[in-house]
Amino acid sequence: MSEPSTGAPGLVLRTREGRPYRFDPGALCLELLPTGGYARYAAYEVLHTPEDLVRWAGESRLPDGLSPVVSAEELARAHELRAALWNLTGDRAHGRALARSDLAVVNAVAAEPPLVPRIDPDSGSLAVAPDATGTALLSTVARDAVELFTGPYADRIRECGSDSCKLLFVDTSRPGRRRWCAMEHCGNLHKVRAHRARHAPKEA
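Asks: When you look at the nonpolar core in this model, what are you seeing that I'm missing?
Replies: Formed by 39 residues in total, the largest nonpolar core has its most connected members in Leu-53, Trp-56, Leu-81 and Leu-85. Breaking this core down by element, the ones donating at least two residues are helix 1 (28-31), helix 2 (50-59), helix 3 (72-93), helix 4 (100-110), helix 5 (134-150) and strand 7 (168-170). With eight residues, the top contributor of residues to this core is helix 5. Beyond its immediate chain neighbours, meaning those up to four positions away, Leu-53 contacts Leu-47, Val-70, Glu-74, Leu-75, Ala-78, Leu-137 and Leu-138. Counting residues in hydrophobic clusters, the runner-up holds twelve residues, among them Leu-11, Phe-23, Cys-165 and Cys-186.

This is the structure we're talking about:
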């Protein structure tokens, strides 16, 4: 569902027709959601093997060059964490109480040692220490979720305004008026529909 990053934040997703567009959910933890999920999201599943989770890590906003060793058990844990994040993010976006069971999953994963950041000796840029594991990767994602849900943008978690889109994001814009998952996708579709509605022939 996503493609390698081009350096800009967010993921490159594709519409049902195959047209690419960039979706920036505003937080690392929310980048895990478009990889699929359970129930109605199962059709979008892309994390079938441990290698798929490694590929996602490389496409995420984490530093380039990350290639963790992921086990089948850690992949299953990623699915569990993602399900909890779907629930928590959707509940926050719609003003519902957060389920203790979902919070427990995030807290348990966050309790594990995270990825270790370092300064790359060649480029001087942010990197991740080698020998990373799937557990450390997921802990970093879960800690990002803890920061999001307890930080200044906790009340800016939203669902795309399109009736046919369920992508979730955190609005980090200064005015705080972001409505769409991506202006080039759902935003443009809304503009086209609104234009057609304004110019539709009026019934006699």
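Asks: Mind showing me how you'd approach the pairing of strand 3 (residues 20-23) here?
Replies: Within a regular beta strand, the side chains point alternately toward one face of the sheet and then the other, so they alternate between its two faces. With four bridges connecting them, strand 2 (residues 11-14) and strand 3 associate as antiparallel partners. Paired with Arg-14 across the strands is Pro-20, a residue of strand 3. In this antiparallel pair of consecutive strands, strand 2 and strand 3, the connection spans five residues, and Gly-18 shows a positive phi of 95°.

Asks: Explanation requested: the side chain of Arg-82 in the structure shown.
Replies: Looking at the element boundaries, Arg-82 is found in helix 3. Relative accessible area serves as the criterion here: at 2%, Arg-82 is assigned to the buried category. Not counting the four nearest positions on each side in its chain, Arg-82 is found in contact with Leu-32, Leu-33, Thr-35, Gly-36, Gly-37, Glu-45 and Leu-47.

Asks: I would appreciate a short explanation of the pattern of salt bridges in the present structure.
Replies: In a structure, side chains of opposite charge can pair up when their charged atoms sit close to one another. Applying the stated criterion to the full structure yields nine salt bridges. Taking the shortest distance from any N to any O, the salt bridge between Arg-61 and Asp-24 comes out at 2.4 Å. Of the two residues, Arg-61 sits in the loop between helix 2 and helix 3 while Asp-24 sits in the loop between strand 3 and helix 1, which places them 37 residues apart along the sequence. The exposure class assigned to Asp-24 is partly exposed, which follows from its relative accessible area of 23%. In this structure, Asp-155 and Arg-92 form a salt bridge, with 3.9 Å as the shortest nitrogen-oxygen distance.

Asks: Can you walk me through the confidence of the model for the protein in this structure?
Replies: Interpretation of this model should avoid reading the predicted coordinates in detail wherever pLDDT is low. On average, residues of the protein score 87 in pLDDT, and 87% of them reach the 70 mark or higher. Taken as a whole, residues 1-6 scores under 50 in pLDDT and shows 17 contacts with residues more than four places along the chain or in a different chain.

Asks: Help me understand helix 3 in this model?
Replies: Three- or four-residue spacings in an α-helix give side chains the same orientation, since the helix completes a turn every 3.6 residues. Its 22 residues place the ends of helix 3 31 Å apart at the C-alpha level, agreeing with the 32 Å of an ideal helix rising 1.5 Å per residue. For helix 3, the set of buried residues is Glu-74, Leu-75, Ala-78, Leu-81, Arg-82, Ala-84, Leu-85, Trp-86, Leu-88, Thr-89, Gly-90 and Asp-91. Buried positions along helix 3 lie against helix 1, helix 2, helix 4, helix 5, strand 6 (157-159) and strand 7. A positive backbone phi angle near 75° is found at Gly-95, which sits one or two residues after helix 3.

Cut-offs applied
- Residues numbered from 1 in each chain as written.
- Predicted model: local features only at pLDDT ≥ 70, side-chain atom pairs only at ≥ 80, totals over all residues.
- Heavy atoms only, no water.
- Core = buried A, V, L, I, M, F, W, Y, C linked by side-chain atoms within 4.5 Å.
- Buried < 20%, exposed > 50% of the residue type's maximum accessible area, 1.4 Å probe, protein only.
- Helix = DSSP H or I, 4+ residues; strand = E, 2+ residues; numbered from the N terminus.
- Contact = heavy atoms within 4.5 Å.
- Pairing = 2+ DSSP bridges.
- Salt bridge = Lys/Arg side-chain N within 4 Å of Asp/Glu carboxyl O.
- pLDDT = per-residue confidence, 0-100.
- Expected span 1.5 Å × (residues − 1).

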